[in-house]
Structure formats: C-alpha cells, structure tokens
Amino acid sequence: MNTDYAEFSRLVRESYPDTVESNGGVLSLTFDTVSLSIIPVPADPNAVLFRLRVLDLRGLARPFEFALAALKGNFFWSGTSGATLSVGKDNILYLTERRYLNEFPNAQILENCFEEYARSVNDWRMRGQTYA
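Residues numbered from 1 in each chain as written. Predicted model: local features only at pLDDT ≥ 70, side-chain atom pairs only at ≥ 80, totals over all residues. Heavy atoms only, no water.

## A closer look at the pattern of salt bridges
Once their charged atoms are close, side chains differing in charge can pair, the charge on each being opposite to the other.
Next up, step 1: Evaluation of the coordinates by the stated rule reveals 7 salt bridges.
Next up, step 2: One salt bridge connects Arg-13 with Glu-21, and the closest N-O pair in it is separated by 3.1 Å.
Next up, step 3: Given the relative accessible area of 33%, Arg-13 is considered partly exposed.
Next up, step 4: Owing to a relative accessible area of 42%, Glu-21 belongs among the partly exposed residues under this scheme.
Next up, step 5: The partner of Glu-65 in a salt bridge is Arg-62, and the shortest N-O contact between them spans 2.7 Å. (Salt bridge = Lys/Arg side-chain N within 4 Å of Asp/Glu carboxyl O. Buried < 20%, exposed > 50% of the residue type's maximum accessible area, 1.4 Å probe, protein only.)

Next up, the structure:
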C-alpha cells in the first residue's frame, strides 16, 4: 500500500516508464492519446490531484454550449466518473480529481483507474465533436 508520495511516484514510474517528473514532484505521462498530470497536494501529503486535458474549446464552433453540457456532466458526477470538468485560463477543458495514495496498493488498480479516466476523456472528446 502506498503510504507516501515517493512510494506512489515509484509505482507510477514502474508502471509507466515514459513518465516524466518535473519540479515539485509533478508527474506527467501519456497513455493512448490522453495526457495526465499527477500533482502532489502540499496541504495533504496523503493526496494527489489527477488532471487530464480533454480538449481545446477554441476548436469548437459552439464552445459555450459545450461548456454548459460539461457543467451538467459535473452534476453528481453523472458524466465524469467522479471527477470534475473545468475550463482553464488557456480555454482547455480539463478533467480533475483528488485521490488518496492509499487507494493505489498495486499497479493493477492504478492501471484500472487510468483506463477509467481515459474512457471519460474520450467520451467528452466525442461529445465535443457534436459542437464542432
């Protein structure tokens, strides 16, 4: 079981060898076409934030309507599998979730989690195509 960020980070790097670690311990990795950043939470050493880039709203013909659909997807996490959709200052739609290190005792659970995120991201990318 992961008890600290260093141990969790090692599990991620072992499971995904192309993972890059930047200043502050932020981990970045790509699987399929999905980019994931894992950010340690300074105020809570037992937690991390998973942040995934979904799509650039500037590429949509009707970004406002899509943003409203994304907002509805946040309602009781009905369209996000527990994560939250948000729009960054860069006009990118992100999927973000706070998770706790002890949720990831092994590589299989980590992989299952990332696969679920990839499905959610791809689902919202497909939804975005209806607003293109």
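## So, the packing of aromatic side chains
Next up, step 1: Counting across every chain of the model gives 11 aromatic pairs.
Next up, step 2: Ring centres of Phe-50 and Phe-104 lie 5.8 Å apart, and the angle between their planes is 70°; on these two criteria the pair is classed as edge-to-face. Highlighted residues: Phe-50 in strand E4 (residues 47-56) and Phe-104 in the loop between strand E6 (92-100) and helix H3 (107-129), separated in sequence by 54 residues.
Next up, step 3: Note on Phe-50: relative accessible area 0%, which makes it buried.
Next up, step 4: Residue Phe-104 is classed as buried on the basis of its relative accessible area of 0%.
Next up, step 5: Seen in terms of ring centroids, Phe-66 and Tyr-131 are 5.4 Å apart; in terms of plane orientation they differ by 65°. Their pairing is edge-to-face. In this pair, Phe-66 is assigned in helix H2 (residues 63-74) and Tyr-131 in the segment after H3, connecting sequence segments 65 residues apart.
Next up, step 6: Grouped by ring-pair contacts, the aromatic residues Tyr-5, Phe-8, Tyr-16, Phe-31, Phe-50, Phe-104, Phe-114 and Tyr-117 constitute a single cluster.
Next up, step 7: Sitting over the ring of Tyr-94, Arg-51 keeps its end group 3.7 Å from the ring centre. (Phe/Tyr/Trp six-rings, centres within 6.5 Å; stacked < 30°, edge-to-face > 60°. Helix = DSSP H or I, 4+ residues; strand = E, 2+ residues; numbered from the N terminus. Lys NZ or Arg CZ within 6 Å of the ring centre and 35° of its normal.)

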